[in-house]
Amino acid sequence: MDLIQILVNGLSVGAVYGLFALGYTLVFSVLGVINFAHGAVFTLGAYFTYLLIGGAIGANGLMAGFQLPFALPFWGALPLAGLGAALVALLVERVAFRPLRRRRADPLLALITSLGAGVILVNLIQLLVGAESYAIPTSVLGGLPASFPLLGARVRTVQALLLGVAVLLLALLSLWLEGSRNGRGLQAVAEDPETAQLLGIDSTAMVRLAFGLSGFLAGVAGGLVGLSVSIAGPYFGIGYGLKGLAVLVLGGLGSVPGAVLGGLIVGLAEAFVPADWSGYKDAVSYGFLFLVLLLRPRGLLGRPLPTKV
Amino acid sequence: MDAALLEQMLLGALLALSVYLPLRCGQLSLATPGFYAVGGYVAALLSTRVAAFAGSGATSPLWALVAEMVLGGILAGLIALAIGGPVLQLRGIYLAIATIALVEILRVLNLNLPFTGGAMGIFAIPQPFEQADGYVLFTLVLLALACWLCQRLEVLRLGRAMAAIRDDELAAASVGIDTPRTKLIAFVASAVLAGVTGALAAHFLNAWNARAGSFDASITTLAFVVFGGSRYWLGPVLGGLVLTALPELLRPVGDLRLILFGSVILLGPLFFPQGLVTAERLRGLGALLGRAPQAP
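Reference entry: report on the structure contained in this document. (Residues numbered from 1 in each chain as written. Chains lettered and ligands numbered in written order. Predicted model: local features only at pLDDT ≥ 70, side-chain atom pairs only at ≥ 80, totals over all residues. Heavy atoms only, no water.)

## Here we look at the overall build of chain A
A count of helical and extended segments in chain A gives 11 helices and two strands. What you see in chain A, going N to C, is helices and strands ordered as α-α-α-α-β-β-α-α-α-α-α-α-α. Seen through its C-alpha atoms, chain A measures out along the principal axes to roughly 55 × 45 × 35 Å. The buried share of chain A, reckoned over its 309 residues, is 55%. Restricting to contacts in chain A with at least 6 residues of sequence separation, those with at least 24 account for 75%. (Helix = DSSP H or I, 4+ residues; strand = E, 2+ residues; numbered from the N terminus. Buried < 20%, exposed > 50% of the residue type's maximum accessible area, 1.4 Å probe, protein only. Contact = heavy atoms within 4.5 Å.)

## Details of helix 1 (residues 3-31) of chain A
Residues and elements named next belong to chain A. Look at helix 1: 41 Å from first C-alpha to last across 29 residues, which is about the 42 Å you get at 1.5 Å a residue. With 23 of 29 residues buried, helix 1 lies mostly within the body of the structure. Gly32 sits one or two positions beyond helix 1 and adopts a positive phi of about 70 degrees. (Expected span 1.5 Å × (residues − 1).)

## Topic: the packing of aromatic side chains
Both the distance between ring centres and the angle between the ring planes are used here to describe each pair of aromatic rings. The final tally for this structure, using the stated rule, is 19 aromatic pairs over all chains. On the numbers, 4.9 Å between centres and 70 degrees between planes, the contact of Phe129 of chain B with Tyr135 of chain B is edge-to-face. Connected via pairs of aromatic rings, a cluster forms that spans Tyr17, Phe20, Tyr24, Phe42, Phe236 and Tyr240 of chain A. (Phe/Tyr/Trp six-rings, centres within 6.5 Å; stacked < 30°, edge-to-face > 60°.)

## A few points about the state of the cysteines
Two cysteines, two sulfur atoms, one covalent bond between them: this is a disulfide. Residue and element names in this part refer to chain B. Under the counting rule described, the total for this entry stands at zero disulfides over all chains. We note that Cys147 lacks a disulfide partner, and the nearest cysteine sulfur, in Cys150, lies 6.4 Å from it. Looking at Cys147, the relative accessible area reads 11%, which means it is buried. (Disulfide = S-S within 2.5 Å.)

This is the structure:
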């Protein structure tokens, strides 16, 4: 495989990791906790996309044979799936995070409650649509060719799409965070929830906003991965979820550009693992993570860790 | 009750204690399943590749089991010792994520190393006991020993140093507690306990593969402690016993089983934020039994 091909493969996988880590980072920045249900929301996004393009459910599960009476083009299905995932993320916030916040409980508990929510979601998917894998046919892209040549390499259109959408979403998110009232409110809550509250910012609404956005990003990423490599079953988000965690720390907890940079680095590093060693590919991101944590615990673009006195 | 289920519950309680030990010192380590897997591989490899450990009769010798548990514990402890120094400088969620990474690295190694049997793992691990009852008795002794040691911690200087670090690390350091050393001891003790448990579990389960130490297991074992209560050793033991039994007891509800299990994990912390075993409930129990327990 030549260099361009490796780069393209690495960047497109890295874009997914980046989108994933962005979702974690948004929630982490306002609440200081990791949402372990994020992988399940990603998975749901993929299934929503599959249903919205008119895909039929297989023979297993309670929804066997179900098919929507309409079929949307991929461009319509993807944002709608993102919205569906955002609603689920809001629901997760409502049941797994807000009660803890209201009781001022140990934030550590949110690791457990969000994982509980994730377990429920994943098994609900399995109950409803079965454990089989579903593929989103690349024909949904309409007239676009399956691949195109670039500098002597063949690039799958899906890969370019993944990268393009990730960059677009990152740019929009950055503009929104810096330029809009809500975006700045979100940053204020991330900085210091109590001061933000005193300044008249509704921190509960900002938390909800962060969850909604993170769910949307996860849902879109899920739909794109579903298109790129098919939906391998209800558990397929978990592997990405763990990689996203590594990426999150690599880039710096709470840093938006860090999440994307971390994603691209991990994606590229994995793409450069030789085929003979492919079994060890999954350890690359965690090895990186380990090194970064030990050498620079705040991550590549993170802010200095607070030191309590 | 079914002896096999009881044995699983006891193993769950041991793993919960392994998560509890660093947490007693304020350190959220999720590395337990990684060390558990390492201990299991030590036992699986020795008892299937070394003739003396496999024995010649219907059952493998008991001394071999004990030796494997010791060796599994030692190897896990050595790994913890090697990485503990730098890793334990991390705090809170950073430490948790680093230990998740450690578990994943160990899992990938277990999956790919030339001698661990790949994805299939290692089969036909010889049995030191003819029936599950033997395992239950043996594990009960081990659990009692672990509980006794944890109870001793309540009065020992080491245990009090651990509690001081949990409550305020800087304050603990300022009164002369060697915080890095204390944290390292807790981390290594946790690893040794997980390694010993893994060696025992590999025999009981008869087969061992890389799935023994996964991210799911990290969170499940943490749930044991959170559910039971992390302030006193009785909490994790109770949490381990109950949450291990739950998915099995829920088997009759079929497909809804894991959904219900997820609901319990979701709702448990909401209704019992301190866990089932709290200082007040312990005192209440003590008054009921007519004597004051040594609760924190």
